[in-house]
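# Observations on the three-dimensional arrangement
Here are the chains, one letter per residue:
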Amino acid sequence: MSDTAPIYTKITIVGAGLIGSSVARAARHYGAADHIAIADANEDVLAEAKSLGIADSYSPSIPVAVADADMVLMAVPVGAMASVAAAAAPALKPGATVSDVGSVKSSVLSAVKPILPDTIHLIPGHPVAGTEQSGPAAGFATLFDGRWCILTPPEDADPEALNALAAFWSRLGSTVEQMTADHHDLVLAITSHVPHLIAYNIVGTANDLETVTRSEVIKYSAGGFRDFTRIAASDPTMWRDVFLNNKEAVLEMLGRFNEDLTALQRAIRWGDGDALFDLFTRTRDIRRRIIDAGQDEDEVDFGRPHEE
Ligand code: NAP
């Protein structure tokens with residue numbers, strides 16, 4: 001295969017939201033598939049995807065959309081993966097690959113594997129890229145550029161199917177990494193899931209305060225609060241499913257978080273400035289390393305315009 005030849009003849013993306021529509025746009029932009037089909041049960045979402053012209057065919061029916069597909073990518077909330085797989089299973093082409101973009105991997109693997117016929121290659125995946133937006137219009141072709149895509153193949157995964165899926169994500173601009181589903185869930189619990197929980201919690205706490213008015217919270221939000229609100233604006237269905245499906249890893253990381261928070265509480269209570277200074281210096285270094293690794297820019301944007 002040449003470097004520019006399509007990786008798949010036909011792909012079907014189920015779920016035309018932020019991630020599904022971004023994959024469709026990127027697959028077309030980078031020529032990763034000859035034919036891009038989209039399925040979404042929501043008529044409004046499907047009509048919006050169609051009006052944006054991001055795919056070659058559109059259907060409300062999963063079996064119709066997945067027929068003849070070489071790769072089916074489930075881009076729905078984690079809790080909906082099993083029902084999508086069940087709807088697709090009877091119509092899948094033998095030898096096809098089924099993958100997903102879910103933010104949790106072990107539960108997807110265990111829920112979907114028993115549903116699919118033996119002739120199908122199941123290789124779960126997770127592009128570590130996104131925004132707090134939802135829906136077809138929120139997607140863009142360069143979302144995966146320079147971002148990691150984690151594949152969590154089962155031990156007996158077909159090497160050819162795995163190579164093709166890795167080539168697909170590489171074509172979309174991602175750097176592909178492989179790990180077990182369990183390890184993925186532990187890593188993402190601390191890098192993504194717990195940070196979202198903290199943001200949801202702090203915004204909820206501010207909303208419930210009685211001695212500070214809501215208008216004061218909004219008015220003085222530039223003190224730090226507004227940056228949590230960006231994360232706390234993320235899709236409620238998606239994030240409910242993440243916490244319900246990555247329960248153990250999230251609870252384990254929350255345990256560590258609570259211990260460290262208690263230590264910080266103690267440092268503040270006893271006026272231990274050295275402990276605070278030491279931690280804040282180490283955390284600043286993490287920020288620097290994220291920028292050096294190309295995973296963010298050295299500008300505080302969060303959607304705000306910059307002065308030239
Ligand atoms: P989204 O914009 O809300 O899109 C999800 C789409 O799936 C919507 O069109 C939704 O339709 C559809 N859907 C929901 N339940 C369905 C079902 N049972 N059958 C068929 N379609 C269904 O969400 P997203 O951000 O693209 O997230 C999709 C997946 O990507 C999730 O598993 C998430 O964990 C993962 N992910 C998200 C991000 C991120 O930053 N957002 C990053 C990496 C991975 P309705 O509008 O009718 O609900």
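Analysis parameters
Residues numbered from 1 in each chain as written. Predicted model: local features only at pLDDT ≥ 70, side-chain atom pairs only at ≥ 80, totals over all residues. Heavy atoms only, no water. Helix = DSSP H or I, 4+ residues; strand = E, 2+ residues; numbered from the N terminus. Contact = heavy atoms within 4.5 Å. Areas by Shrake-Rupley, 256 points an atom, 1.4 Å probe, with all protein chains shown as cover. Near = heavy atom within 4 Å. Polar contact = N/O pair within 3.5 Å; in protein donor to acceptor, adjacent residues only side chain to side chain. Axes fitted to C-alpha atoms, helices over the stretch in contact; angles between N-to-C directions. Parallel < 35°, antiparallel > 145°, perpendicular 65-115°, else oblique. Left-handed = near helix turned anticlockwise from the far one by under 90°. Nonpolar A, V, L, I, M, F, W, Y, C, P; charged D, E, K, R; others polar. Phe/Tyr/Trp six-rings, centres within 6.5 Å; stacked < 30°, edge-to-face > 60°. Buried < 20%, exposed > 50% of the residue type's maximum accessible area, 1.4 Å probe, protein only. Domains from an automatic or database assignment. Buried area = accessible area lost by both parts, 1.4 Å probe. Salt bridge = Lys/Arg side-chain N within 4 Å of Asp/Glu carboxyl O. Pairing = 2+ DSSP bridges. Core = buried A, V, L, I, M, F, W, Y, C linked by side-chain atoms within 4.5 Å.

## So, the overall build of the protein
The number of helices and strands found in the protein is 12 helices and 9 strands. Taking the principal axes of the C-alpha coordinates as reference, the protein spans close to 65 × 40 × 35 Å. Within the protein, contacts between residues separated by at least 24 positions form 74% of all contacts whose residues are at least 6 apart in sequence. Carbon and sulfur atoms make up 55% of the accessible area of the protein, which totals about 16700 Å².

## Focus: the site of the ligand
Around the ligand sit 26 residues, and of these Ile19, Asp40, Asn42, Val76 and Ser103 come closest. Here an oxygen atom of the ligand and a side-chain polar atom of Asp40 are 2.8 Å apart. In isolation the ligand exposes 890 Å². Once the protein is present, 79% of that is buried. Breaking the shell around the ligand down by element, the ones donating at least two residues are helix H1 (18-29), helix H4 (81-88) and strand S7 (125-127).

## Let's talk about the packing of helix H7 (residues 181-208) against helix H10 (residues 236-245)
Viewed as axis vectors pointing N to C, H7 and H10 meet at an angle of 120°, and their least axial separation amounts to 11 Å. If you check the angle between H7 and H10, you find them oblique. Seen from above, H7 lies across H10 with left-handed handedness. Along the contact surface, H7 presents Ser192, His193, His196, Leu197 and Tyr200, while H10 presents Trp239, Val242 and Phe243. For the contact of H7 with H10, a count of residues per class yields 5 nonpolar, 3 polar and no charged.

## Observations regarding the packing of aromatic side chains
Overall, the coordinates contain 4 aromatic pairs when judged by the stated rule. Each ring, one from Phe144 and one from Trp169, has its centre 5.2 Å from the other, and the planes form 80°; the classification is edge-to-face. Taken together, the residues span a long stretch of sequence, with Phe144 in the loop between S7 and strand S8 (148-151) and Trp169 in helix H6 (residues 159-171) at a distance of 25 residues. Each member of the pair, Phe144 as well as Trp169, is classed as buried. A connected cluster of aromatic rings, assembled from ring pairs, spans Tyr8, Phe144, Phe168 and Trp169.

## Remarks on the domain arrangement of the protein
Considered domain by domain, the protein is made up of domain 1 (8-179) and domain 2 (183-295). Averaged C-alpha coordinates put domain 1 and domain 2 at centres separated by 30 Å. Note on domain 1 versus domain 2: buried area summed over both sides is about 1400 Å², and carbon and sulfur give 58% of it. Applying the counting rule to domain 1 against domain 2 returns 1 salt bridge. For Arg230, the salt bridge identified is with Glu132, shortest N-O distance 3.4 Å. Inspection of the region where domain 1 meets domain 2 yields 10 residue pairs in polar contact (both at pLDDT 80 or more). Elements that contribute at least two residues to the side of domain 1 that touches domain 2 include exactly helix H5 (106-112) and S8. Residues belonging to the side of domain 1 that touches domain 2 are distributed by class as follows: 7 nonpolar, 8 polar and 3 charged.

## With respect to the pattern of salt bridges
Under the definition given, this model contains 11 salt bridges. Note that Asp70 is salt-bridged to Lys93, the shortest N-O span being 2.7 Å. Taken together, the positions of Asp70 in the loop between helix H3 (62-66) and strand S4 (71-74) and Lys93 in the loop between H4 and strand S5 (97-100) put the pair 23 residues apart, joining distant regions of the chain. A relative accessible area of 19% means that Asp70 is categorised as buried. Look at Lys93 and you get partly exposed, because its relative accessible area is 30%. Residues Arg287 and Asp296 are paired through a salt bridge, measuring 3.0 Å at the closest nitrogen-oxygen approach. For Asp296, a relative accessible area of 31% translates into the label partly exposed. Salt bridges here are not isolated pairs; linked through shared partners, they connect Arg288, Asp292 and Asp298.

## Some details on the sheet that holds strand S2 (residues 33-39)
The sheet built from 6 strands is open, its strands ordered S3-S2-S1-S4-S5-S6 with parallel pairing. Sheet topology places strand S3 (57-59) and strand S6 (121-122) at the edges, where each strand pairs with a single neighbour. By the bridge criterion, 6 bridges tie strand S1 (residues 8-14) to S2 in an arrangement that is parallel. Pairing of Thr12 across the sheet is with Ala37, part of S2.

## Some remarks on the nonpolar core
Ranked by internal contacts, the top residues of the largest apolar core, which has 38 residues, are Ile11, Val23, Phe144, Phe168 and Trp169. The set of elements that each furnish at least two residues to this core consists of S1, H1, S2, helix H2 (43-52), S4, S8 and H6. Leaving out residues up to four positions away in the same chain, Phe144 has contacts with Ile19, Ser22, Val23, Ala26, Pro127, Ala129, Trp169, Leu172, Gly173 and Ser174. Formed by 35 residues, the second largest nonpolar core is a distinct cluster that contains Ala39, Ala65, Met74 and Val250.

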